[in-house]
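Coordinate inspection notes
Residues per chain are reported as follows:
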Amino acid sequence: DLQQWLLRDLLVDWKVGKHILVIGSQGVGKNIFIERFLDIMGRDRDYLHLHRDATFAWLTSARRLRANALIIEDPPLVRAAIMGHVLVVDEIDKAPPEILYTLRALALGRDLNLADGRRLIYSGSGTFGARDDIDQKDLRICDRFRIVLLANQSGYPFTGRDVYREIGDVFATHRAPRFDRSSQIRLLRAYGRHVPVKTIAALCAAWDELQQLYEIGRLTYSVSPREAIKILVHLNKFQNDDPMQVIEDVLAFDAFDTDLHDTLKDIVHRHFSPDNPPAAPTISTTKTVATHLTEKRIYAEARRASLHEAQTTDAEARAYQGLLEPSLKRQIAMLQSALDQRRQQTRTGRWLRFQPRGDLDEHAIVECALGSERIYKYRERIAHVYEPSMVYPAQRTRIALVLDLSGSMYTKDNVDGRLRRCVECALLVIEACRDLHSEYDYAIFGHSGSTSALELVSFGSPPATIKDTLRIVQRMIEHARTCKSGDKTIAAVRRALKAILKAPAKEYLLFLISDADFASSYGESILSLNAALTAEVRVATVALFVASDNRAHIEALCRELPVGRGAACYDTEDLVSSLRQAFLCYSNIM
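Residues numbered from 1 in each chain as written. Predicted model: local features only at pLDDT ≥ 70, side-chain atom pairs only at ≥ 80, totals over all residues. Heavy atoms only, no water.

1. Points about the overall build of the protein chain
To keep things clear, this is the line we draw: Helix and strand assignments come from DSSP, with helices taken as H or I runs of at least 4 residues and strands as E runs of at least 2, each series counted from the N terminus. For the exposure calls, accessible area comes from a 1.4 Å probe over protein chains only, and a residue counts as buried if that area is under 20% of its type's maximum, exposed if over 50%, partly exposed in between. Only the protein chains shown count as cover for residues, and all accessible areas are computed by the Shrake-Rupley method using a 1.4 Å probe.
Counting secondary structure elements, the protein chain contains 24 helices and 19 strands. Here the protein chain, with 590 residues, has 49% of them falling under the buried criterion. About 28,000 Å² of surface is accessible on the protein chain, with carbon and sulfur atoms providing 52% of the total.

2. Description of the nonpolar core
Using the following cut-off: To form a nonpolar core, buried Ala, Val, Leu, Ile, Met, Phe, Trp, Tyr and Cys residues must be joined to one another through side-chain atoms within 4.5 Å.
I444, M476 and F511 are the most contacted members of the largest nonpolar core, which totals 51 residues. Among the elements that make up this core, the one with the highest residue count is helix α18 (residues 418–432) (10 residues). Listed in part, the 32 residues of the second largest apolar core include L48, V89, I92 and F145.

3. Some details on helix α10 (residues 243–250)
The cut-off we apply is this: Arc definition: directions from the helix axis to the C-beta atoms.
If you check which residues of α10 are buried, you get M244, V246 and I247. Buried residues of α10 fall within an arc of 160° about the axis and therefore sit on the same side.

4. So, the sheet that holds strand β15 (residues 440–447)
To be explicit about the condition: DSSP-based pairing: two strands are paired if at least 2 bridges between them are found. Axis definition: a line fitted to C-alpha atoms, over the contacting stretch in the case of helices. Angles run 0 to 180 degrees between N-to-C directions.
Pairing is mixed across the open sheet formed by six strands, whose spatial order is β16-β15-β14-β17-β18-β19. A strand with exactly one partner marks an edge of an open sheet, and here the two such strands are β16 (454–457) and β19 (566–569). For this sheet, the mean angle separating the axes of adjacent strands, direction not counted, is 20°. One ladder, built from seven bridges, connects strand β14 (residues 397–404) with strand β17 (residues 507–514); its direction is parallel. Following the sheet pairing, A400 is matched in β17 by L510.

5. Comments concerning the sheet that holds strand β10 (residues 172–175)
Operational definition: Any two residues whose heavy atoms approach within 4.5 Å at even a single point are treated as in contact.
Read from one edge to the other, the open sheet built from five strands follows the order β2-β5-β9-β1-β10, with strand pairing classed as parallel. Pairing within the sheet leaves two strands with one partner each, and these edge strands are β2 (45–49) and β10. Recorded for the sheet is a direction-independent mean angle of 20° between the axes of neighbouring strands. In this sheet, strand β9 (residues 146–152) lies alongside strand β5 (residues 86–90) in parallel orientation, the contact comprising four bridges. Paired with V86 across the two strands is R146, which belongs to β9. Lying on the sheet, helix α2 (residues 30–41) is in contact with β1 (20–24), β2, β5 and β9; it crosses β9 at an angle near 160°. Lying on the sheet, helix α4 (residues 76–83) is in contact with β2 and β5; it crosses β2 at an angle near 155°.

6. Some remarks on a positive patch on the surface
Stated precisely, the cut-off is as follows: Like-charged residues within 9 Å of one another, or nonpolar side chains (Val, Leu, Ile, Met, Phe, Trp, Tyr) within 5 Å, are grouped into patches, provided each residue has over 30% relative accessible area and no salt bridge. Basic side-chain nitrogens of Lys or Arg form a salt bridge, by our definition, when they fall within 4 Å of a carboxyl oxygen of Asp or Glu. Within this scheme the basic residues Lys and Arg register as positive and the acidic residues Asp and Glu register as negative, but His and the chain ends are omitted. For the purpose of locating charges, the reference atoms are NZ of Lys, CZ of Arg, CG of Asp and CD of Glu.
Taken together, the side chains of K484, K488, R494, R495 and K498 present a region of like positive charge at the surface. Within the secondary structure, R494 is located in helix α20 (residues 489–500).

7. Describing the side chain of D90
Operational definition: By the criterion applied in these results, polar contacts are pairs of N or O atoms within 3.5 Å in which, for protein atoms, one can donate a hydrogen and the other can accept it, and in which residues neighboring in sequence qualify only through two side-chain atoms.
By secondary structure assignment, the location of D90 is in strand β5. In this structure, D90 is buried with no salt-bridge partner, the nearest side chain bearing the opposite charge being K30 at 6.1 Å. Side-chain polar atoms of D90 contact the side chain of N31, separated by 3.2 Å.

Encoded structure:
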C-alpha cells in the first residue's frame, strides 16, 4: 500500500545519510509512521513538540526544579546530537524562524553555539582531534545523529509556515499519504474490536466523502482518523449507542451553518441507515438541468440589477446573494481568515520573556519558585505599525487576475458551468480583499478573441458597492456572449505583467484562468505561453486550465510548463478552490 512505498523511499534516503522532512494532513499518522520506521531501523530517539512561542534558549537548554534546587539539563536536541539518537521534531510548521534555521544549519553540518556557552561541533574528518579550534566545553556531534521533522501541510486551516519552501532544500522531503480504505478498516478495527465490521466500513466511507467535501472547499476543515478513532472507542465501550447519533455529536459544531449541517447529516444517514444502501456521493461532476436553469436565472438577475440604476437596493442584494453559493462563501471565508491571520502576525511583535512586568510567563515557574521578579512576558512593540486606513504601496501585494472570457467559455457554460466558475473566481478575489486594501491591490482583466485587455477592475479602484460588483459580473457575461472568435491569452499575460509592475510592491502575483484553446484551436505555441509566464522573475505566475473536455491536451500543456506554474482543473467546481490554494501558496502567507 501507499505506506509501504513511503517506507521504502524513506529507507533509500536514510541509507545515504539524509535528514528527513515528512509533510502530511492532520491525523494521517505521521508520528505513528515514523515511530514504526525507527523501530524497524532499531534507532533510539528524542522528541521535541514545538509551539509558536518556542525560542532558541528553549531549544538549546533545559531547566528543572528538583528538591528546591535548580538543575540545568541537556535538552532533547543536545542529548540526541551527542548520543547519536534521532531527534524527532513534531509541529515544525509552528516554529519561529530562528528554530527553523537552527535545525537547517545542523542539517548542513555546521556547528551550533548553545545558550549556556558550549558548542555542538562536527568533528570534520571523523576524529575529534582533527580540528584545531576545540575547547574543553565543546560537545562532539555523533556521526549517527539524525533529524526527522514532522509538519502539517501549509495553508488553511493551520496557516503555519511553509516548511518545505524555507528549509526543504537540505532535507529529504516526503509526503505522508492518507490511509486507503483497507488500511483505514484495519486501523479502526484495532480500536473497535467489539464494533461490527459493517459499521467500521460505513464510517470509513462517510469519512472519505467528508474529505472530498474538504478538498473541493465545501468543508472548512479536514476530517482525520483521529475523530473516527474517538467514535470507535466510544462505540466499543457503549455498544448500544446509535452510531448515527454519536457521529452527529462529533459534527454538531457545524449546526450554525444550516446548509452545511444538512449536507453532513445526509451523508451520515446515507451510510448508516439500515433500510437504504449507500448512495453515490453528492459531489457530482455533471450539472443537472435544474442547476443550469438556476444559474441562468442568477445571470439574468445580475444583468437586470446592473443595467437598471433605479432598481432597489433590496433587489440588488438578492441578486448578489444569488451569486454567492454556500460553497463559494466558504472559500471566501477560508481565504479571508488566512489573510487576516497574516495581517495580525505582521503587526504583532514577538514575546519578550523574563521581564519585570506584563503577563505571567508560564515558562518561568522555576524563576518564580526561586524568588525572581522577572517572571513576566509581554509582546514586543513594533517600531512602525501600518494603520489599516493608510496605504503604503511598497508594503502591498499587487495581484492581477486574468480571466478567459472567450466565446467558448460562454457556449460550454451549459455543459460544465465554466463561465460561472470564472465569475466566482472574480468574486473570490473581490470579497477576500474587500477590507484589506492597505495590504492588497488587485486588478481583474478579461481576454478573448476581441481583446487582450478587457479591464474589469483597475489597480487602486476596487468595486465599492454591490452595484459595482454586479456591473463587473454583467460585463463578463456580455463580453463572453458577444466577443469574436479567437484567443489572445498570451498577449493578455504580457499586458497584465506590464500593468502589475507599474507600481512598487512587496510582491507581485499573476493568476491566469484559461480553457487552453489558444494552442489546440488557434496555433499559439506552448513555448510562447511558457516564455510569457516566466518573463518577469519578480512576478509569481500561475496558470489554471479548465480541463473538463480536453484533458490529454491540457495535461501535456502543464508538463511543458515549469513546475508549479500550471495546474489542470478536471472539474470546473475545483476552479475556485484551486485559485484559493494558489493564492495562499504564492502570497507568502506563511
